[in-house]
Amino acid sequence: MKRRDLFRMGGLAALGAAGVSACGSGGGSGAAGSTQLQFMYWGSTFEKAAVEKMLKSFEQKNQDIKVKPVFTPDEYDVKLNSLVAGGNTPDLGYVPMSMSFRLAEQGNLVNLFPYLQKYPQLAGYLPDAYLWYGQDKLHGVATANEIELLWYSKSAIAAAGAATPPAVASSAWSWDQLVENAYKLTVDQNGKHPDESGFDPKQVRQFGISISLTYAAAWYGFLRSNGADFADEAGKKCLLDTPEAIQVFQNLQDLIHKHRVAPGPGQLAATGDDVPGTNILLKTKRVAMVVDGHWSLLDMNESKVDYGIGVLPKYAEPFTTSQVAGASSVFSTTKHVEEAVELFAFHIDPRYVDLYQQGLWMPQEKKYYEDQAAVDSWTKNDGHPPEFRTAVVDYARDHGVPDLRNRVKNLSAISSDVLTPALQELELGKRPAAEVLKEVSPKITGMLQGWQHVQEP
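Each chain carries its own residue numbering, running from 1 in the written order of its sequence. The predicted nature of this model means local features are confined to residues of pLDDT at least 70 and side-chain atom pairs, given and counted, to a pLDDT of 80 or more, with totals for whole chains, interfaces and linings taken over all residues. Heavy atoms throughout the structure, all of them, feed into the side-chain values; hydrogens and water do not.

## Overview of the overall build of the protein chain
Part 1 of the argument: The helix and strand inventory of the protein chain stands at 18 helices and 14 strands.
Part 2 of the argument: Our radius of gyration is a C-alpha quantity, and the globule rule it is checked against amounts to 2.2 Å times the number of residues to the power 0.38. Scaling as 2.2 N^0.38, a compact globule of 457 residues should have a C-alpha radius of gyration of about 23 Å, and the protein chain matches this with 22 Å.
Part 3 of the argument: The principal-axis extent of the C-alpha atoms belonging to the protein chain is close to 80 × 50 × 40 Å.
Part 4 of the argument: Buried residues are those whose accessible area, probed at 1.4 Å on protein chains only, stays under 20% of the maximum for their type, while exposed residues exceed 50% and partly exposed ones sit between those limits. Burial statistics for the protein chain: of 457 residues in total, 58% are counted as buried.
Part 5 of the argument: Of the accessible surface of the protein chain, which amounts to about 17700 Å², a share of 48% is contributed by carbon and sulfur atoms. The secondary structure listing takes helices from DSSP runs of H or I that are at least 4 residues long and strands from runs of E that are at least 2 residues long, numbered from the N terminus. Only the protein chains shown count as cover for residues, and all accessible areas are computed by the Shrake-Rupley method using a 1.4 Å probe.

## Structural notes on the confidence of the model for the protein chain
Part 1 of the argument: Within a predicted model, pLDDT stands for the predictor's per-residue confidence, ranging from 0 to 100. For the protein chain, per-residue confidence averages 91 on the pLDDT scale, and residues scoring 70 or more make up 92% of the total.
Part 2 of the argument: In the predicted structure, residues 6–21 sits below a pLDDT of 50 and forms 64 contacts with residues beyond four places in sequence or in another chain. Note on contacts: a residue pair qualifies if any of its non-hydrogen atoms lie within 4.5 Å across the two residues.

## Here's the deal with the layout of surface pockets
Part 1 of the argument: When its volume is computed, the second largest pocket comes out at roughly 270 Å³.
Part 2 of the argument: Looking at the lining of the second largest pocket, its residues break down into nine nonpolar, four polar and four charged. Cavities and pockets were defined on a 1 Å grid built from protein atoms only: a cavity is a group of points that admits a 1.4 Å probe but offers it no way out, a pocket is an open group of points flanked by protein on both sides within 12 Å along at least five of seven lines, and a lining residue is one with an atom within 4 Å of any such point. Grid points are joined across faces, edges and corners, and a volume is the space filled by probe spheres set on the points. Note on residue categories: nonpolar means Ala, Val, Leu, Ile, Met, Phe, Trp, Tyr, Cys or Pro, charged means Asp, Glu, Lys or Arg, and polar means any other residue, Gly included.

## Focus on the packing of aromatic side chains
Part 1 of the argument: Aromatic rings from Phe, Tyr and Trp, with only the six-membered ring used for Trp, were paired whenever their centres fell within 6.5 Å, and each pair was classed as stacked if the ring planes differed by under 30 degrees, edge-to-face if by over 60, and tilted otherwise. For the structure on display, the rule yields 18 aromatic pairs.
Part 2 of the argument: For the pair Tyr-41 and Tyr-94, a centre-to-centre distance of 6.1 Å together with 75° between the ring planes defines the contact as edge-to-face. On the criterion of sequence distance, the pair formed by Tyr-41 in strand S2 (residues 35–41) and Tyr-94 in strand S4 (residues 92–95) is long-range, its members being 53 residues apart. Taken individually, Tyr-41 and Tyr-94 each receive the classification buried, so the pair is uniform in this respect.
Part 3 of the argument: An aromatic cluster is built from Phe-39, Tyr-41, Trp-42, Phe-71, Tyr-76 and Tyr-94, whose rings are joined through pairwise contacts.
Part 4 of the argument: Placement of a positive charge over a ring is assigned whenever Lys NZ or Arg CZ falls within 6 Å of the ring centre and within 35 degrees of the normal to the ring plane. In this arrangement the basic side chain of Lys-48 is found over the ring face of Phe-71, its NZ or CZ atom lying 5.6 Å from the centre.
Part 5 of the argument: Sitting over the ring of Phe-319, Arg-224 keeps its end group 5.7 Å from the ring centre.

## Quick word on the pairing of S2
Part 1 of the argument: Of all seven residues in S2, seven are buried, a share of seventy percent or more.
Part 2 of the argument: Burial of S2 is two-sided: the residues Thr-35, Leu-37, Phe-39 and Tyr-41 facing one way and the residues Gln-36, Gln-38 and Met-40 facing the other way are all buried.
Part 3 of the argument: Bridging between S2 and strand S3 (residues 65–71) involves seven bridges; their strand directions are parallel. Note that in S3 the partner of Gln-36 across the bridge is Lys-66.
Part 4 of the argument: Here the term right-handed applies to a crossover when the path leading from its first strand over the helix to its second strand runs clockwise, the strands being oriented away from the viewer. Once you follow S2 into helix H2 (residues 45–61) and on to S3, the crossover reads as right-handed.
Part 5 of the argument: Strand pairing is assigned whenever DSSP identifies at least 2 bridges connecting the two strands. Pairing of S2 with S4, which is carried by two bridges, proceeds in the parallel orientation. By the bridge assignment, Phe-39 is partnered in S4 with Leu-92.

## Observations concerning the pattern of salt bridges
A side chain with one charge can pair with a side chain of the opposite charge if their charged atoms come near.
Part 1 of the argument: We count a salt bridge whenever a side-chain nitrogen from Lys or Arg sits within 4 Å of a carboxyl oxygen from Asp or Glu. According to the stated counting rule, one finds 12 salt bridges in the structure shown.
Part 2 of the argument: Of the charged contacts, one joins Asp-349 and Arg-351 as a salt bridge, the two residues approaching to 2.7 Å between their closest N and O atoms.
Part 3 of the argument: On the accessibility criterion, Asp-349 (2% relative accessible area) is buried.
Part 4 of the argument: Judged by its relative accessible area of 55%, Arg-351 falls in the exposed class.
Part 5 of the argument: Across the pair Arg-405 and Asp-403 runs a salt bridge whose closest N-O atoms are separated by 2.8 Å.

## What about the side chain of Thr-89?
Part 1 of the argument: Here Thr-89 shows up in the loop between helix H3 (76–85) and S4.
Part 2 of the argument: One polar contact links Thr-89 to Thr-333, side chain to side chain, over a distance of 2.4 Å. Here a polar contact means two N or O atoms within 3.5 Å. Within protein one must be a hydrogen donor candidate and the other an acceptor candidate, and residues neighboring in sequence count only if both atoms are side-chain atoms.

## Details of unusual backbone geometry
Part 1 of the argument: Phi is positive for Asp-136, close to 60°, though the residue is something other than glycine.
Part 2 of the argument: Note that Asp-136 resides in the loop between strand S5 (130–134) and strand S6 (137–142).
Part 3 of the argument: For Asp-136, a relative accessible area of 31% puts it in the partly exposed group.
Part 4 of the argument: In the Ramachandran plot, Asn-410 falls in the positive-phi region, its phi being about 65° despite a non-glycine side chain.
Part 5 of the argument: Take Asn-410: it is sitting in the loop between strand S14 (400–402) and helix H17 (411–428).

This is the structure:
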């Protein structure tokens, strides 16, 4: 599974194959005089090593606490649900976003609000990082921040004579500029562009742009940029059938079926439904530009892709979606709440976890976007290109809008039952956006339960 697929369920890295044993009821005693905690998490091999390194560092700073890593790279939500049902949860760890609000409301997660004063760094996070389930009720924070970006192949841009995507939000392309450059970057096997006679859309060597229609984070920034939203102020009426929303989705559909500069369903699949990652698409020049999350930076560097980073095209004010990389929470079964919260505050601190410097995660504390020394501490290295400050740090701070997954109640059911099938129909291009969205919006309205609670920490 790709990282983007995992973000749909609240995940953030590629899955492996391993099991998880019963965690025990909230930890216990380890060596004589020590407290034993259990930390449950998912991730790639790279992330596993980074988390274990962080836990060792925590133990060194807290000699009376021992931490057992509970690495669970597959079927995480299924296994965590089983542990919750058996009252056998770990002390703390990752919680898929699709589960976190439900577990909090059921009393399975510790309310962290009282600890914000004790741990000042937790009170200084970006607003979108907090996961509230009621007034003064905080069940967790996002493990990391991620935003949507416009990735591109430098060599493909140069070969086509196309413009380089802007790396500053104030200079973001208009939608028409995106389409214009996507035409230049799209060529069939005979070297013809979509606006040339004889272009063969079934034999495209390189597509100009790829933007997922079924992944909400990819299109939500465009929606907000065009003055639209998913739902009204109360979160009870779906607004996808408004003219502004319809325009966005029609433009996305037109990239595939009118302009023929973007791949349709199955056109990028290597085998079956397996679509290569953004790093592979750019390196092999199957696609010249891709809208995808910041987490791709790690794969770009590891794959030695000749890439660049741009901001997304805009309609009016530029926006990008800020995504939560899964929740981190303390389970209410823990017998060591204070120690578990101590580890909770430690485990997402960029001073102790190198996943920020390596490019998988973005920090949550505001100072890492505002204070120059703090910004340099995670971005001033070979893994972050020169344009990173404006295209990512400044863009996230000034133009990020929170992902729907930590805002819309009942979104999992809405997506699986109604929204995703409608977006898949748009991808196929059999009906125009207006017809599909006007049909599906009343159904979504019937399922909406409002926005999640938000407040200042």
